[in-house]
Amino acid sequence: MNPTRRDVLKTVVAAVGAAALGAGEALAAEPAKKKRKWGMTIDLDRCTACQACVVACKSENNVPCAGPDQMPLDRGIYWMDMLAIHEGSHPEGRSQYLPTPCNHCENPPCVKVCPVGATFQSEEGIVGQIWARCIGCRYCTTACPYSRRYFNWSDPVWPEEMKNHLNPDVATRPKGVVEKCTFCHQRIRAVQEKAKVEGRELEDGDFRKLPACAQTCPAEAIMFGDMNDPDSTVSELGRSPRAFRLLEDLGTRPKVVFLREAKWKE
Amino acid sequence: MKKQEKQNTARRDFLRGALAAAGGFALAGCRQTEDPYALNRPAVPGTAGYGTHQEKWFSSACSQCWAGCGIRVRVVEGRAVRIDGNVAHPINRGTLGPKGQSGLQVLYHPDRFKGPVRRDGPRGSGKWTPVSWDTAIGEIGKTLQDIRSRGESRGVLLLDGEPRGMMRDLWSRFATVYGTPNHVDHRAASDGGKLLAMAYMHGVPEIPAYDWNSTGYVLGFGASLFESWCQSIHFMRSSSALRRNMPGKRVKFVQISPRHSTTASRADEWVDINPATYGALALGLSHVIVRDGLCDQEFVKDHTFGFEDWTDAAGKKHRGYKDLLLTDYPPEKVSKITGVSKKTIERLARELVDHRPAIALADGGAAAATNGLGTAMSIHALNALLGNIERPGGMVVQRPAPYAPWPDAGPDEGAKKGLASERLDGSGASRLPLAHGCIQALPDAILAGAPYAAQAAFLYRSNPAFSKPGGKRWTEAFQKIPLVVSFSPLPDESTFQADFVLPDRTYLERWEVVEPVPSVGHPIVSFRQPVVEPLYDTRATGDVLIQIAKAVGGPVGDAFPWDTWRKAVEERLQSLLNVEDSSIVAGKLSDLRKGMEKDSGWWSPGFKFEQWADAFRTPSGKFEFYSQEIARKLAAVPDLERELTARGVVTRGDDLCLPHWELPRFSGSAAEFPFTVAAYRGIEYAEGGSRHVPWLREISLPRRDAWKQRVELHPDDAKELKLAAGDTARVETPAGSARMSVAIIPGMRRGMIGIPLGQGKWPPKPDDTDPSGGYALLANAMDPLAGILTLQETRARITREKRT
Amino acid sequence: MSATTHPEDFVFERTVAPIRRTGWGFYAAVLPLLAVIAWGFYAYITQLRGGLGETGMNRPLYWGVYMANFVFFIGISHAGTLISAILRVTSAEWRRPITRCAEVITVFALMFGGLSVLIDLGRPDRLLNVIKYGRVMSPILWDVVCISTYMTGSLIYLYLPLIPDVAILRDKKVGWTWLYRILALGYTGTDRQKHRIEKLIGVMAVLIIPIAVSVHTVVSYIFATTLQPAWHSTIFGPYFVVGAIFSGIAALMIAMAIIRKTMGLEGVLKDIHFNRLGMLLFVMTCIMIYFTFGIYLVEITGNEPAIMDVVMKKVTGEHAISFWSMIGGGFILPAIILAFPKGRTVTGCVVASVLILSSMWMERYLIIVPTLARPRLPMPEGMYTPTWVEWSITFGCLAAFALGYILFAKVFPIVSLWEIEEGKETAIPEVTGKFQEYMPAEKVN
Ligand SMILES: Nc1nc2c(c(=O)[nH]1)N[C@H]1C(S)=C(S)[C@@H](COP(=O)(O)OP(=O)(O)OC[C@H]3O[C@@H](n4cnc5c(=O)[nH]c(N)nc54)[C@H](O)[C@@H]3O)O[C@H]1N2
Ligand SMILES: Nc1nc2c(c(=O)[nH]1)N[C@H]1C(S)=C(S)[C@@H](COP(=O)(O)OP(=O)(O)OC[C@H]3O[C@@H](n4cnc5c(=O)[nH]c(N)nc54)[C@H](O)[C@@H]3O)O[C@H]1N2
Ligand code: SF4
Ligand code: SF4
Ligand code: SF4
Ligand code: SF4
Ligand code: SF4
Ligand SMILES: [Mo]
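Keep in mind that this is a model prediction, so the values were computed, not measured. Per chain, residues are indexed from 1 in the order of the written sequence. Chain letters start at A and ligand numbers start at 1, both assigned in the order the entries are written. In view of the model being predicted, local features appear only for residues whose pLDDT reaches at least 70, and side-chain atom pairs are presented and counted only at 80 or more, with totals across whole chains, interfaces and linings using the full set of residues. Where side-chain values are given, they derive from all heavy atoms of the structure, hydrogens and water being excluded.

In terms of regular secondary structure, chain A is built from 10 helices and 10 strands. Taking all contacts inside chain A whose residues are at least 6 apart in sequence as the whole, residues at least 24 apart take part in 65%. Computed with the Shrake-Rupley method and a 1.4 Å probe, the accessible areas treat only the protein chains shown as cover for residues. For chain A, the computed accessible surface area is about 8,500 Å², with 54% contributed by carbon and sulfur atoms. Strands are runs of DSSP state E lasting at least two residues, helices are runs of H or I lasting at least four, and both sets are numbered from the N terminus onward. The contact criterion used throughout is that any non-hydrogen atoms of two residues lie within 4.5 Å.

Below, the structure written as structure tokens:
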């Protein structure tokens, strides 16, 4: 891919992203020396396809359930989804399960197409979503080659009682807007603020299992952290020969790195 | 305000502001400071005790399965908003499975009973009127008193879904002092096979713990290690570590199962096998190991009984396990039975030996067959041959937590008489001589009124009309019982038959000491406490049982010295103080509680191996290939030969006491029912009681089928039957029929249909004629001597049905 | 020539007839249309309340009928202004009676093209965000810019030639004279005025061509700039432009046929016009076939799995029937009909146009749906069945389009009176002049 073009696009994206962040970005205020670049690794050799990450994400981020009427219509919302890939059939079949959050691409096709800057790339590399600005054109959803963006086809419904378990740190979304994985930025902000109050530098350990999905994963397959820090777990794992990214040839440069060894060897 | 305090407040305010800002981040671009879409949330009790934005964290224990994971619950303004794993807890170490994550939706489920109710209308109508706690408890106590004074206490059935822990102890105590032998659990329908194998070969009827972290090889016989199984969460962590935490080394996990399940797909190797033939394969592997002289000679010699041929005290010659293996189970024969190639058998046996310490295990469904006991014993025996018992990297019997037992209740004469009666389910008696309980035999006995009539039934965490074969039969049986009481917090099929519903508090609203299923290898209890104020007019069943006992009065009431359930809980915790070698050493209850609140449990550190002194509690004090206990029990059966013939058991003599192989017996003829049912629990299923939780229902794969009851077919079978994904099909078995949505699953074996359990409609309707989500399609068949419910041997046919 | 010396010929009479009287035919046409519009409106209200969940769209089929409508309407909008401009710029004399009815198509088609996007929005209430927070990088913004420019241009381009006509009506005191007085801007037909208008029209005609081309190019860019299989293609720009002209001409011929029939203008919109437009359409059909062939050939020989998935869905999969009837009925058959002079009769042209128009809608649909149904990651295949809401709104839009057209003809001359008149006066000298220009020069310098 042509670096010049990419750089040009990046500058524009960064500019727009920064503008979109507005007041929010002012709060980023972590006394870090270097700019962070958030990324995630998902080890498929560890993952057991339990989907705890899927539920944890729903719970942390107030992602609505679609219910029995809408689920058969493919209207479910999963910031973290589980992709099941089957090849062949019994007894020769193979199956692979991939937990798939947003890749927070470094060169995100979704951001480029949004007419109103409702989706943007933050300085720390999070591809965020401004729900209150989105006009619901669903251009980003079609532009994302990973189908990692979700549209609210109707107003979210929770049974009256279940509204009690909504996370107060995350806004619920109305019908007609797109939503997606945010790398649990509310949690990142929280630790950054806390560290600031405590006058402490943040370390890799503070982030490794910070997002709800990473925190809950029984197999410890999901790791999170700063890809600009060469010593972070994610950077280390990212250098592994097992590492790969989804649809790498598209040049989107995902910041979610999968790990997989071909097979068990004697 | 003091300065220090002021500072704290300022800091807290700042943090709060920061948090709010973080929440607003997504909206920041619009410079919106408030969340314009915040939903109006209904009032809940307990919010008054909280300041605005104030949050607290509580440590407690999950209850979505019996694994006993430690949790931390975030409560903001009195509302529980998040459940995380507790990092300090040794079972889950801060992680949590999908069922554990979903607990909030159980707590805030809209269908919960809001207070005690009494049936209004005929049984099963699902109509209720509110009743006061005093009235309900008074009336139930009175009825129980009457039954007992009539000398019919044995007719009271306590159906207890909890396999271990304090509530089970409480029910058990009640059974003892009241005088009924019918404290019935679900184990015959669950891990029964494995428990019996442990009971007869080890002398300890308890699931063993596995030392995953230092094992060299894992061979799973149909065990659903990544989907159900109570040690799943622990195994998930360990298996992940086994594969990736040791540079240059990766422990192999081989899964054997007829269905290419999620577990199979996540294993390093999957071996396809004919349904219900695990036992034969285990015997074949053992044959190779023994034939080639590869078993752990030292272990076999020092710690086992019945390997070589032996002569008993009476001078009678007995066959040893070695002889049985070498003569009866050559790989050629085993290969024919199992469909696993001779080459694979030889290779797997070699791998097991070469990668010692290796673990061979079966669980739940795998040993749930008409040949269940023999199968479970055969698999378990592999561990002994490999010398993996009580050794690092193998399995140990996890010792219980050393809390002080309650003083003996001391049944009175009346109670003793009741206790001495034969159990209504026939287990232990000549009907099912080797069984430790057989819940699925109850409906027939109740309907027949034999050996005696059922007087009352208590349903604690039990919904047999849904979770046991022949749900309709249960409904009929309940009609015959004069008093049925359910403690379920949510409506279910069995609860519809109840006269009273005395709703329990959910696990996030009550006190408890939890004894997790063994998994980490050392004594452990998890501690449960309310994290929010109880939402409704509910009472912990512990409290209610104590109150009922008091209402019965006399020695029954006296046996429950606690005013409240919470007192009993605290007493038990107190008794764990200052136990040597434990996670908490403290002098006062308050310190203990503090420790518990942080750690959400009590445990002693680390595995202990080679504790030979109390490892085996068999007559020989060793691991028994030949179970003397089985021999003893069978000897007590009058005219054993006739009984065996009548039940179609082919095995005779010593082989009955050894690991052995019986042909599986399928229900339904192959001609009439060409398919075999593979009923299984997906990860999204948390037993029947939680099949209503949206978060879990919607992780179903394929997603489109979430909320539907589906039947899974191999693509070629589907093609032959002209069935396409999404079609509606009728599935018929000898036991019943139901409509299901067709799913085409490449991992399904040809000739088998997969039925993920616990799907289907919610809320359950009393008049539901199509209870597809339950186990209604499974035949009520079992191991003829051990009473293990078969879950694998029901045949079925499937036909296309037009959408109505 | 002054504004008062217009002939009272049959062109004038027939054209002005609907403005003068409201016959039963008017009601017969308008009332059913109103009913369909009202129903569509009801459907839209339903959608507003329930959200886009009322449609058949889902993940990954994020776009459906509405986007197809959008592309389709924008496509036929090319009928008018672009064609009329090209004809004007090339001084094609036979254009005179058809420019107006072509230009009107543009205006209304653009209106409903734009509206289709609005209907497709999850949050139409936030439409202004596009202005408030507009991001130049987004092809949607390019569309907004191009389409609104095209709309403005087209309105001007429709309006300018209308000025002399409304002046005539004003002077003749026919119909809504007060309105014509305002719109005529005091035009009296002086030579200076006329000269100025013609000059302006000339400038607009030149300007509008690149704008029109840009419009459908950027519409195609909405798709082509994404990484989706079978969208990410450089040919999409010209392909869409050609497709637009193609469907535009078809729409125009249908409109002409109806006008000719209902207003008895057989003597104005003559067979020769159909013959000529038919030829043009034939050429476009050939280019369409050529492009389509090229696209699929390249895709199939490239054999990239993600793209092949999409292609096979159309060629042999669930969309095969639509696809092949589009190719056969929408491209090949019209080409055959239009290839021969015998086919380029009014009937022949109308038949071909109807086939083309419906196929072109299908073509739009088949660009959007199969690609979205086959995301790049191996997810379960998307499925999409439009709901009654989508169909109702679609038909509501079509009805509103027709209604707009009828109402226009009710208020304004649908045939440019003065241009025909002018043609009579200037055509022969002009053509002769031209002819002389082409002739071999008498002496060589
Ligand atoms: N997700 C989930 N986890 C749970 C529970 C739950 O409800 N949901 N319940 C908990 C409880 S109470 C228990 S007892 C444990 C039990 O959990 P496990 O002990 O693992 O038992 P099962 O899940 O019943 O059966 C294991 C597997 O056996 C397979 N199977 C093996 N061999 C055969 C065969 O020959 N034929 C057929 N047809 N199937 C075979 C089934 O497909 C199933 O996947 O799980 C606990 N964990
Ligand atoms: N075919 C087939 N049959 C099986 C199995 C299988 O794998 N296949 N599995 C078997 C196994 S392993 C088991 S353990 C049994 C399970 O069978 P059951 O023990 O009957 O389990 P559930 O159907 O979940 O019903 C439990 C009831 O407890 C209620 N409940 C939930 N939480 C609480 C609480 O906190 N307090 C009280 N008082 N009640 C509560 C629920 O609402 C529900 O009504 O099923 C067995 N049956
Ligand atoms: S994965 Fe999709 S949504 Fe996420 S950044 Fe990349 S293109 Fe955007
Ligand atoms: S749907 Fe929202 S976020 Fe996506 S492109 Fe449109 S306005 Fe932007
Ligand atoms: S990082 Fe957060 S938002 Fe993204 S998938 Fe994980 S839990 Fe969901
Ligand atoms: S929680 Fe972990 S193990 Fe479970 S599906 Fe997600 S990544 Fe895989
Ligand atoms: S394994 Fe069992 S106890 Fe642990 S989180 Fe899952 S459901 Fe809860
Ligand atoms: Mo169980």
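There is more to say after this.
Our next topic: the side chain of B:Ser667. You can see B:Ser667 is positioned in the loop between helix H24 (640–646) and strand S24 (675–680). Filtering out sequence-adjacent residues up to four positions away, B:Ser667 remains in contact with B:Pro734, B:Ala779, B:Ala781, B:Glu793, B:Thr794 and B:Arg795.

We now examine a nonpolar patch on the surface. Residue and element names in this part refer to chain C. Only residues above 30% relative accessible area that lack a salt bridge enter a patch, with like-charged residues linked at up to 9 Å and the nonpolar side chains Val, Leu, Ile, Met, Phe, Trp and Tyr linked at up to 5 Å. Whenever Lys or Arg places a side-chain nitrogen within 4 Å of a carboxyl oxygen from Asp or Glu, that contact is recorded as a salt bridge. On the surface, Val36, Trp391, Phe395 and Leu398 cluster together into a nonpolar patch covering about 330 Å² of accessible area. The leading source of residues in the nonpolar patch is helix H15 (residues 388–411), at three residues. Summarising the element assignment, tryptophan 391 is placed in helix H15.

Residues and elements named next belong to chain B. A single heavy atom is enough: if one lies within 4 Å of a molecule or strand, its residue is considered near that molecule or strand. Taken together, 29 residues sit near ligand 1, with Ser228, Tyr278, Arg681, Tyr685 and Glu687 positioned nearest. In the environment of ligand 1, an oxygen atom lies 3.0 Å from a nitrogen or oxygen atom belonging to the backbone of alanine 276. For this analysis, a polar contact is any N or O atom pair within 3.5 Å, provided that within protein one partner can donate a hydrogen and the other can accept it, and provided that sequence-adjacent residues contribute only side-chain to side-chain pairs. Interatomic distance of 3.0 Å between a backbone N/O atom of glycine 682 and a nitrogen atom of ligand 1. Protein contacts shield 95% of the accessible area of ligand 1, which totals 900 Å² for the unbound molecule. It is S24 that provides the largest number of residues to the shell around ligand 1, a total of three residues. By the convention adopted, Pro, Cys, Tyr, Trp, Phe, Met, Ile, Leu, Val and Ala count as nonpolar, Lys, Arg, Asp and Glu as charged, and the other residues, Gly among them, as polar. Grouping the amino acids of the shell around ligand 1 by side-chain chemistry returns 15 nonpolar, eight polar and six charged. Domain start and stop positions are those given by an automatic or database domain assignment. Of the residues that make up the shell around ligand 1, three or more belong to each of domain 2 (208–397 + 634–657) and domain 3 (675–800).

Tallying the contact residues gives 85 residues for chain B and 88 residues for chain A. Taken together, the two surfaces of chain B and chain A that pack against each other cover about 7,500 Å², and 60% of this comes from carbon and sulfur. The tally of links between chain B and chain A comes to seven salt bridges. Measuring nitrogen to oxygen at the nearest pair gives 3.8 Å for the salt bridge that ties B:Arg250 to A:Asp45. If you look at where chain B meets chain A, you find 26 residue pairs in polar contact (both at pLDDT 80 or more). Top element by residues in the side of chain B that touches chain A is helix H1 (residues 3–24) of chain B. It accounts for eight residues. By definition, the buried area sums, over both parts, the 1.4 Å-probe accessible area that each loses when the two are put together.

Turning our attention to the packing of aromatic side chains. Any two of the Phe, Tyr and Trp rings considered here, Trp counted by its six-membered ring, make a pair once their centres fall within 6.5 Å; the pair's planes then place it as stacked at under 30 degrees, edge-to-face at over 60, or tilted in between. As enumerated under the stated definition, the model contains 59 aromatic pairs over all chains in all. Each ring, one from B:Tyr210 and one from B:Trp212, has its centre 5.2 Å from the other, and the planes form 35 degrees; the classification is tilted. Across this residue pair, the class does not change: B:Tyr210 and B:Trp212 are buried. Taking the centre distance of 5.0 Å and the plane angle of 70 degrees together, the rings of B:Trp310 and B:Tyr626 count as edge-to-face. Of this pair, B:Trp310 sits in strand S13 (residues 310–311) while B:Tyr626 sits in the loop between strand S23 (623–624) and helix H23 (628–635), and the two are 316 residues apart along the sequence. Here, over-ring charges are defined by two tests on the NZ atom of lysine or the CZ atom of arginine: distance to the ring centre within 6 Å, and angle to the ring normal within 35 degrees. Stacked on the ring of A:Phe151, the Lys or Arg A:Arg138 has its end atom at 5.1 Å from the ring centre. Here the term buried applies to any residue with accessible area under 20% of the maximum for its type, exposed to any over 50%, and partly exposed to those in between, with areas from a 1.4 Å probe on protein chains only.

So, about the site of ligand 4. In the vicinity of ligand 4, the contacting residues are A:Cys114, A:Pro115, A:Val116, A:Ala118, A:Gln129, A:Cys134, A:Ile135, A:Gly136, A:Cys137, A:Arg138, A:Cys140 and A:Val178. Its residues placed into classes, the shell around ligand 4 shows nine nonpolar, two polar and one charged.

Moving on to the environment of B:Ala743. Residues and elements named next belong to chain B. Here alanine 743 lies in strand S27 (residues 736–744). Separated by 41 residues in sequence, alanine 743 and proline 702 place their C-alpha atoms 8.3 Å apart. Look past the residues within four positions of alanine 743 in its chain and what remains in contact with it is Asp705, Arg710, Val711, Glu712 and Leu713.

With that settled, consider the confidence of the model for chain A. All names here are of chain A. On a range of 0 to 100, pLDDT expresses the predictor's confidence in each residue. Summary statistics for chain A give a mean pLDDT of 86 and a share of 86% for residues scoring 70 or more. The element-level mean pLDDT for chain A is lowest in helix H2 (residues 23–26), coming to 39, with helix H9 (residues 212–216) highest at 97. In this model residues 1–29 is a low-confidence stretch, pLDDT under 50, and it forms 43 contacts with partners more than four residues away in sequence or in other chains.

Residues and elements named next belong to chain B. For the coordinates displayed, the defined rule picks out 96 salt bridges over all chains. Notably, a salt bridge pairs aspartate 272 with arginine 749, separated by 2.7 Å at the nearest N-O pair. With aspartate 272 in the loop between strand S11 (269–271) and helix H9 (278–291) and arginine 749 in the loop between S27 and strand S28 (752–756), this pair connects stretches of sequence that are 477 residues apart. Of the residues examined, aspartate 272 reaches a relative accessible area of 23% and is grouped as partly exposed. Classification of arginine 749 by relative accessible area gives buried; the value is 13%. Here lysine 708 makes a salt bridge to aspartate 705, at a shortest N to O gap of 3.7 Å.

Turning our eyes to something else, we now look at the nonpolar core. Counting 339 residues, the largest nonpolar core has B:Phe221, B:Leu285, B:Tyr321, C:Phe223 and C:Ile414 as the members making the most contacts within it. Tallying contributions element by element places helix H10 (residues 236–262) of chain C first for this core, with 17 residues. In contact with B:Tyr321, not counting residues within four places along its chain, are B:Leu283, B:Ser286, B:Gly306, B:Phe307, B:Ser378, B:Ala381, B:Leu385, B:Phe625, B:Leu658 and B:Pro659. For the purposes of this section, nonpolar cores are sets of buried Ala, Val, Leu, Ile, Met, Phe, Trp, Tyr and Cys residues that join through side-chain atoms within 4.5 Å. B:Ala401, B:Val513, B:Val544 and B:Val569 belong to the second-largest nonpolar core, a separate cluster that totals 50 residues.

Below, the discussion takes up the sheet that holds strand S2 (residues 70–76) of chain B. All names here are of chain B. We call two strands paired when DSSP finds no fewer than two bridges between them. Within the open sheet, the three strands sit side by side as S1-S2-S3. Their pairing is antiparallel. Two strands lie at the open edges of the sheet, namely strand S1 (55–61) and strand S3 (79–85), each paired on one side alone. The average angle at which neighbouring strand axes cross in this sheet is 25 degrees, direction not considered. With seven bridges joining them, S1 and S2 adopt antiparallel strand pairing. Within the sheet, the bridge partner assigned to serine 59 lies in S2 and is arginine 72. Every angle, taken between N-to-C directions, lies between 0 and 180 degrees, and every axis is a line fitted to C-alpha atoms, over only the stretch in contact when it is a helix.

Residue and element names in this part refer to chain B. Of all the five residues making up strand S17 (residues 456–460), five are buried; the element is thus mostly covered by neighbouring parts of the structure. Covered by surrounding structure in S17 are Ala456, Phe458 and Tyr460 together with Ala457 and Leu459, the residues of both alternating faces. By the bridge criterion, five bridges tie strand S6 (residues 156–160) to S17 in an arrangement that is parallel. Within S17, the residue paired with leucine 157 across the bridge is alanine 457.

Residue and element names in this part refer to chain B. Those residues of helix H12 (residues 331–338) not exposed but buried are Pro331, Val334, Ser335 and Thr338. Buried residues of H12, viewed axially, fall in a sector of 105 degrees; they line one side. Close packing links the buried residues of H12 with H9 and helix H13 (342–354). Note: the arc covers the axis-to-C-beta directions of the helix.

To continue, consider the sheet that holds strand S22 (residues 601–603) of chain B. Residue and element names in this part refer to chain B. The strand order S20-S21-S22 describes an open sheet built from three strands, whose pairing is antiparallel. Every other strand in the sheet has two partners, leaving strand S20 (512–514) and S22 as the edge strands with one partner each. The mean inter-strand angle of the sheet, taken between neighbouring strand axes irrespective of direction, is 20 degrees. Sheet topology note: the S20/strand S21 (residues 524–528) ladder contains three bridges and is antiparallel. Within S21, the position partnered with glutamate 512 by the bridge is arginine 528.

Let's shift gears to the side chain of B:Glu684. All names here are of chain B. Relative to the helices and strands, glutamate 684 resides in the loop between S24 and helix H25 (694–697). Only 3.1 Å separates the side chain of glutamate 684 from the side chain of serine 700, close enough to count as a polar contact. When near neighbours in sequence (up to four residues on either side) are disregarded, glutamate 684 contacts Leu696, Ile699, Ser700, Arg710 and Gln759.

All names here are of chain C. The geometry of helix H3 (residues 65–77) relative to H15 is characterised by a closest axis approach of 10 Å and an angle of 20 degrees between their N-to-C directions. Regarding the angle of H3 to H15, the classification is roughly parallel. When you trace H3 past H15, the crossing you get is right-handed. Listed contacts from H15 to Val65, Tyr66, Asn69, Phe73 and Ile76 of H3 are Val389, Glu390, Trp391, Ile393, Thr394, Cys397, Leu398 and Phe401. Grouping the constituent residues of the contact of H3 with H15 by class yields 10 nonpolar, two polar and one charged. Any angle from 65 to 115 degrees is called roughly perpendicular, while one under 35 is roughly parallel, one over 145 is roughly antiparallel, and all others are oblique. Working rule for handedness: look at the near helix, and if it is turned counterclockwise from the far one by less than a right angle, call the crossing left-handed; if clockwise, right-handed.

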